[in-house]
Amino acid sequence: MTIPKKVRLVEVGPRDGLQNEKQPISVADKVRLVDDLSAAGLGYIEVGSFVSPKWVPQMAGSAEVFAGITYRPGVTYAALAPNMKGFEAALEAGVKEVAVFAAASEAFSQKNINCSIAESLERFVPLMDAARANGIRVRGYISCVLGCPYEGEVPAGQVAAIAAQLDAMGCYEVSLGDTIGTGTAGATRQLFEVVGARVPRERLAGHFHDTYGQAVANVHAGLLEGIAVFDSSVAGLGGCPYAKGATGNVATEDLLYLMNGMGIETGIDMDRLVDAGQRICAVLGKENGSRVARALLAKRSR
Ligand code: HMG
Ligand code: MG
């Protein structure tokens with residue numbers, strides 16, 4: 001397996017990064033974050049979610065965020081949509097790409113989207129049809145691929161079966177989510193081997209939360225398996241409201257540092273990315289969660 005020469009980083013900070021924040025964040029601050037990220041060269045930004053505001057209050061203003069951002073040519077601005085209601089709201093907001101999300105564990109599926117795995121996949125069928133009719137691309141997520149907060153171990157074969165169904169339904173890419181960050185490099189390689197036997201690796205992505213500090217190692221494991229798309233959050237923002245204690249995604253700055261060091265092309269400007277992370281951290285009153293950003297900022301202030 002050859003290591004990819006070029007990697008696409010999917011920036012999920014405005015969605016996964018902010019969805020769990022309890023404090024109100026203004027539409028203007030969210031818009032600024034998205035615009036800062038596109039200015040830094042991110043080519044794919046997950047802007048928000050069209051989910052129930054009762055379940056995830058922070059994402060309630062997603063339509064306003066889509067209305068406020070400056071659309072840069074060549075950048076994909078995407079949103080989560082769990083069902084037809086969410087898809088229709090996304091369409092109304094002018095969204096051109098959506099992501100559906102399933103889980104590899106029944107308990108997490110119930111907690112996150114209030115239905116079984118099979119029911120969630122059934123819900124996606126009309127959504128996929130409507131997306132096709134409207135020329136909207138659909139990405140798929142699977143949560144809990146390397147462990148579930150309620151069920152513990154999750155067999156890779158179960159992840160592969162769901163990934164194959166999302167792929168067959170028409171998702172152009174399936175992102176495998178280590179929601180609680182318990183995965184390690186060996187398990188990650190094995191997961192991509194097992195899932196890669198059912199879905200071509202060029203249609204797979206990795207989504208690693210950094211709860212146990214393993215995410216960069218897991219991304220490297222993914223690279224060794226030929227995976228060329230990884231999700232990350234600027235400043236390591238985030239967590240899932242339905243996975244207690246889960247921290248943010250791997251920081252985009254940390255992945256960019258890894259890619260730069262390995263000579264892998266991403267098209268992202270580190271300085272502008274660090275500035276984007278610092279600005280949103282100031283808004284949130286939080287310390288920057290990226291080790292690389294903290295190191296570079298310390299160097300700047302010397
Ligand atoms: P439900 O309560 O079963 O839905 O929730 P329902 O169909 O029975 O409807 C109940 C009410 O919700 C109705 O309103 C619907 O209209 C409304 P009422 O009549 O009571 O006023 N409703 C909606 N409102 C807005 N947008 C919608 C929508 N759908 C129904 N799309 C539902 C089911 C899926 C809606 C709910 O469970 C939900 O919104 N869940 C979202 C949870 C979520 O966003 N989790 C975080 C994202 S996933 C994640 O973070 C993992 C990921 O990062 C990968 C990883 O790390 O693993 C992607
Ligand atoms: Mg996530």
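Look above for the structure.
Computed from a predicted structure; not experimentally measured.

Engineer: Describe the nonpolar core, with residues and values.
Structural biologist: Among the nonpolar cores identified, the biggest contains 92 residues, and Phe 66, Val 98, Ile 142, Val 159, Leu 166, Leu 176 and Phe 230 are the most heavily contacted of them. Leu 176 has contacts with Ile 142, Val 145, Val 159, Leu 191, Phe 192, Val 195, Ala 205, Gly 206 and His 207, leaving out every residue within four places of it along the chain. Val 10, Leu 80, Ile 113 and Tyr 141 belong to the second largest nonpolar core, which has 13 residues in total.

Engineer: Report on the pairing of strand β4 (residues 97-103), specifying residues and quantitative values.
Structural biologist: In terms of burial, β4 is largely enclosed, as seven of its seven residues are buried. Alternating positions in β4 separate into two faces, Glu 97, Ala 99, Phe 101 and Ala 103 on one and Val 98, Val 100 and Ala 102 on the other, with burial throughout. Where strand β3 (residues 76-80) and β4 come together, three bridges link them in parallel fashion. Across the sheet, the residue bridging to Ala 79 is Val 98, located in β4. In this fold, β3 hands off to helix α4 (residues 84-92), which returns the chain to β4; that crossover is right-handed. Pairing analysis gives seven bridges linking β4 to strand β5 (residues 137-143), with the strands arranged parallel. From the neighbouring strand, Ala 103 faces β5, where its bridge partner is Ser 143.

Engineer: Could you give an account of the pairing of strand β6 (residues 173-178), naming the residues involved and the relevant values?
Structural biologist: Burial analysis of β6 places six of its six residues in the buried class, the great majority of the element. Burial of β6 is two-sided: the residues Glu 173, Ser 175 and Gly 177 facing one way and the residues Val 174, Leu 176 and Asp 178 facing the other way are all buried. As paired strands, β5 and β6 are joined by four bridges and run parallel to one another. Within β6, the residue paired with Arg 139 across the bridge is Glu 173. Handedness of the crossover joining β5 and β6 through helix α7 (residues 156-169): right-handed. In terms of strand pairing, β6 meets strand β7 (residues 204-208) through five bridges, oriented parallel. Residue Asp 178 lies in a different strand from β7, and its bridge partner there is Phe 208.

Engineer: Explain the environment of Tyr 257 to me, and be specific about the residues and the numbers.
Structural biologist: Of note, Tyr 257 is situated in helix α10 (residues 252-261). If we ignore the near neighbours within four places in the chain, the residues touching Tyr 257 are Met 270 and Val 292.

Engineer: Summarise the side chain of Thr 188; cite the residues concerned and give the values.
Structural biologist: Relative to the assigned elements, Thr 188 resides in helix α8 (residues 185-196). Here the side chain of Thr 188 touches Thr 184 through a polar contact of 2.9 Å, landing on its backbone oxygen. A distance of 3.3 Å separates a polar atom in the side chain of Thr 188 from a polar atom in the side chain of Asn 218. Contact partners of Thr 188, with chain neighbours within four places excluded, come to Leu 146, Phe 208, Asn 218, Ala 221 and Gly 222.

Engineer: Please set out the layout of surface pockets residue by residue, giving values where relevant.
Structural biologist: When its volume is computed, the largest pocket comes out at roughly 640 Å³. Forming the walls of the largest pocket are 36 residues, and the residues nearest its centre are Val 51, Pro 82, Phe 101, Asn 112 and Ile 113. At the level of elements, α1 (13-17), α3 (62-68), α4, α5 (106-113) and β5 are the ones that each hand at least two residues to the lining of the largest pocket. When its residues are assigned to classes, the lining of the largest pocket shows 19 nonpolar, 13 polar and four charged. Taken as a whole, the second largest pocket spans an internal volume of roughly 190 Å³. The wall of the second largest pocket is formed by 15 residues, among which Ala 235, Gly 236, Leu 237, Gly 248 and Gly 289 lie closest to the centre. For the lining of the second largest pocket, the residue count by class is four nonpolar, seven polar and four charged.

Engineer: I'd love a proper account of the site of ligand 1, names of residues and values included.
Structural biologist: Inspection of the region around ligand 1 gives 27 residues, with Ser 52, Asn 112, Asn 114, Ser 143 and Thr 179 positioned closest. At a separation of 3.0 Å, an oxygen atom of ligand 1 approaches a polar side-chain atom of Asp 16. Ser 52 places a polar main-chain atom, nitrogen or oxygen, 2.8 Å from an oxygen atom of ligand 1. In the complex, 74% of the free accessible area of ligand 1, which totals 1,100 Å², lies under the protein chains. One can see that ligand 1 is located within the largest pocket. When residues of the shell around ligand 1 are traced back to their parent elements, those giving at least two are α1, α4, α5 and β5. The residue inventory of the shell around ligand 1, partitioned by class, reads eleven nonpolar, eleven polar and five charged.

Scoring rules and cut-offs
- Residues numbered from 1 in each chain as written.
- Chains lettered and ligands numbered in written order.
- Predicted model: local features only at pLDDT ≥ 70, side-chain atom pairs only at ≥ 80, totals over all residues.
- Heavy atoms only, no water.
- Core = buried A, V, L, I, M, F, W, Y, C linked by side-chain atoms within 4.5 Å.
- Buried < 20%, exposed > 50% of the residue type's maximum accessible area, 1.4 Å probe, protein only.
- Contact = heavy atoms within 4.5 Å.
- Helix = DSSP H or I, 4+ residues; strand = E, 2+ residues; numbered from the N terminus.
- Pairing = 2+ DSSP bridges.
- Right-handed = clockwise from strand over helix to strand, strands pointing away.
- Polar contact = N/O pair within 3.5 Å; in protein donor to acceptor, adjacent residues only side chain to side chain.
- 1 Å grid on protein atoms, 1.4 Å probe; cavity = no way out; pocket = protein on both sides within 12 Å on 5 of 7 lines; lining within 4 Å.
- Points joined across faces, edges and corners; volume = space filled by probe spheres on them.
- Nonpolar A, V, L, I, M, F, W, Y, C, P; charged D, E, K, R; others polar.
- Near = heavy atom within 4 Å.
- Areas by Shrake-Rupley, 256 points an atom, 1.4 Å probe, with all protein chains shown as cover.
- Sits in = over half its atoms within 2 Å of the grid points.

These figures come from the coordinates and say nothing about function on their own.
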